[in-house]
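Given next are the chains, with one letter for each unit.
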Amino acid sequence: QVRLVESGGGLVQAGGSLRLSCASSGRTFSIYGMGWFRQAPGKEREFVATINRSGGTTNYADSVKGRVTISRDNAKSTVYLQMSSLKPEDTGVYYCAATRSWGQVTTRAVAYDYWGQGTQVTVSS
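Residues numbered from 1 in each chain as written. Predicted model: local features only at pLDDT ≥ 70, side-chain atom pairs only at ≥ 80, totals over all residues. Heavy atoms only, no water.

Quick look at the nonpolar core now. Counting 32 residues, the largest nonpolar core has Met34, Trp36, Leu81 and Met83 as the members making the most contacts within it. Elements with a minimum of two residues in this core: β3 (18-24), β4 (33-39), β5 (46-51), β7 (68-73), β8 (78-83), β9 (92-99) and β11 (119-124). Look past the residues within four positions of Leu81 in its chain and what remains in contact with it is Leu18, Arg19, Leu20, Trp36, Val48, Ala49, Val68, Thr69, Ile70 and Tyr94. (Core = buried A, V, L, I, M, F, W, Y, C linked by side-chain atoms within 4.5 Å. Buried < 20%, exposed > 50% of the residue type's maximum accessible area, 1.4 Å probe, protein only. Helix = DSSP H or I, 4+ residues; strand = E, 2+ residues; numbered from the N terminus. Contact = heavy atoms within 4.5 Å.)

Below, the structure is given as structure tokens:
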């Protein structure tokens, strides 16, 4: 069982930055690929970014590419999402998730086995 706890969300003005963190319990963090998804009110959960087990491969949604960086520290069992140049449309609940899958399928929520409870990000205009 993997428990994921997100932190770092909050209210920020457009153009600002936030860094989200997701801490994992257990000793098996490094065997999981990790992803970030977000869900705005009334919308489906959407892919934001993913990183493979070693941290050597990342993938981003087109909507955030160039503004967001996903990284991980396996020694700390933590994955990060650095967001900059934030826009009001980035508002939503951000979830981290863990997967045993790899490749393009990790852009889909169904590929993930474990989810955190989410952290709210609100970007004001």
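That shown, we press on.
For the rest of this paragraph, the subject is the environment of Arg72. Structurally, the position occupied by Arg72 is in strand β7. Considering only alpha carbons, one finds Arg72 and Pro88, 16 residues apart in sequence, at a separation of 26 Å. Engagement of the side chain of Arg72 in a polar contact is seen with the backbone oxygen of Arg53, the distance being 3.4 Å. Only 2.7 Å separates the side chain of Arg72 from the side chain of Asn74, close enough to count as a polar contact. (Polar contact = N/O pair within 3.5 Å; in protein donor to acceptor, adjacent residues only side chain to side chain.)

Glancing now at the side chain of Glu6. Residue position: Glu6 is located in strand β1 (residues 4-7). This buried residue, Glu6, is left without a salt bridge; Arg45 holds the nearest opposite charge, at 7.6 Å. One polar contact links the side chain of Glu6 to the main-chain amide nitrogen of Cys96, over a distance of 2.8 Å. Polar contacts involving the side chain of Glu6 include one to the main-chain amide nitrogen of Gln117, which spans 3.0 Å. Among residues more than four places away in sequence, those in contact with Glu6 are Ser21, Cys22, Trp36, Tyr94, Tyr95, Cys96, Gly116, Gln117, Gly118 and Thr119. (Lys, Arg positive; Asp, Glu negative; His and termini not counted. Salt bridge = Lys/Arg side-chain N within 4 Å of Asp/Glu carboxyl O.)

Honestly, that's just the spatial picture; any functional story needs more than this.
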